[in-house]
Amino acid sequence: MSQPDARKHLIEAMCHLTFGDDRKFCDHLWLGYGDVWRDALIDLARRQLITVKFDGHEEQFAITPRGRAWTQQLATAVHSAA
């Protein structure tokens, strides 16, 4: 998959997370990064763009304020480059 396609899926993933849709967030990470989507997830958490919590049964993800700002910047850059 090309870098721009991965970025578009990353933007979609982060937007879904903005609305609390963990499932679509994970789906778009997988679509954008394939088998290494968990590495992308870890990177997002390490950069404090998302938070990951485990409730005893499953992971729960949330976007941070920093993640919202970063997503907006990325979306603007991708849109401008198109």
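Residues numbered from 1 in each chain as written. Predicted model: local features only at pLDDT ≥ 70, side-chain atom pairs only at ≥ 80, totals over all residues. Heavy atoms only, no water.

Novice: Just checking my understanding: could you explain the side chain of His28 for this structure?
Specialist: Structurally, the position occupied by His28 is in helix α2 (residues 22–33). Residue classification places His28 among the buried residues on the basis of a relative accessible area of 16%. Reaching out from His28, the side chain makes a polar contact with the side chain of His9 at a distance of 3.1 Å. Setting aside its immediate chain neighbours within four residues, His28 contacts His9, Glu12, Ala13 and His16. (Helix = DSSP H or I, 4+ residues; strand = E, 2+ residues; numbered from the N terminus. Buried < 20%, exposed > 50% of the residue type's maximum accessible area, 1.4 Å probe, protein only. Polar contact = N/O pair within 3.5 Å; in protein donor to acceptor, adjacent residues only side chain to side chain. Contact = heavy atoms within 4.5 Å.)

Novice: Any chance you could explain the nonpolar core here in plain terms?
Specialist: In globular proteins that are soluble, nonpolar side chains generally tend to be buried together. Counting 18 residues, the largest nonpolar core has Met14, Phe25, Leu29, Leu44 and Ile50 as the members making the most contacts within it. Elements that contribute at least two residues to this core include exactly α1 (3–18), α2, α3 (37–46), β2 (59–63) and α4 (65–81). The contact partners of Met14, leaving out residues within four places of it in the chain, are Phe25, Leu44, Leu49, Ile50, Ile63, Gly67, Trp70 and Thr71. (Core = buried A, V, L, I, M, F, W, Y, C linked by side-chain atoms within 4.5 Å.)

Novice: Mind showing me how you'd approach α3 here?
Specialist: Each α-helix winds once per 3.6 residues, and so residues spaced three or four apart point in a common direction. Of the residues making up α3, those classed as buried are Trp37, Ala40, Leu41 and Leu44. Along the axis of α3, the buried residues cluster in a sector spanning 100°; they form a single face. Those residues of α3 that are exposed and angled more than 90 degrees off the buried face are Asp39 and Arg46. Following α3 by one or two positions, Gln48 has its phi on the positive side, about 60°. (Arc of directions from axis to C-beta.)

Novice: What's the story with the pattern of salt bridges in this structure? I'm lost.
Specialist: Side-chain pairs of opposite charge can arise whenever the charged atoms involved come near each other. Enumeration according to the criterion identifies two salt bridges in this entry. For the salt bridge of Arg38 with Glu59, the shortest nitrogen-to-oxygen distance reads 2.9 Å. Of this pair, Arg38 sits in helix α3 while Glu59 sits in strand β2, and the two are 21 residues apart along the sequence. For Arg38, a relative accessible area of 33% gives the class partly exposed. In this structure, Arg47 engages Asp43 in a salt bridge whose closest nitrogen and oxygen atoms are separated by 3.1 Å. (Salt bridge = Lys/Arg side-chain N within 4 Å of Asp/Glu carboxyl O.)

Novice: How should I be thinking about the side chain of Thr64 in this particular structure?
Specialist: Along the chain, Thr64 turns up in the loop between β2 and α4. The class of Thr64 is buried, set by a relative accessible area of 14%. In this structure the side chain of Thr64 is engaged in a polar contact, spanning 2.7 Å, whose partner is the backbone oxygen of Gln48. Not counting chain neighbours up to four residues away, the residues in contact with Thr64 comprise Gln48, Leu49, Ile50 and Thr51.

Remember, this is a structural readout, not a statement about activity or role.
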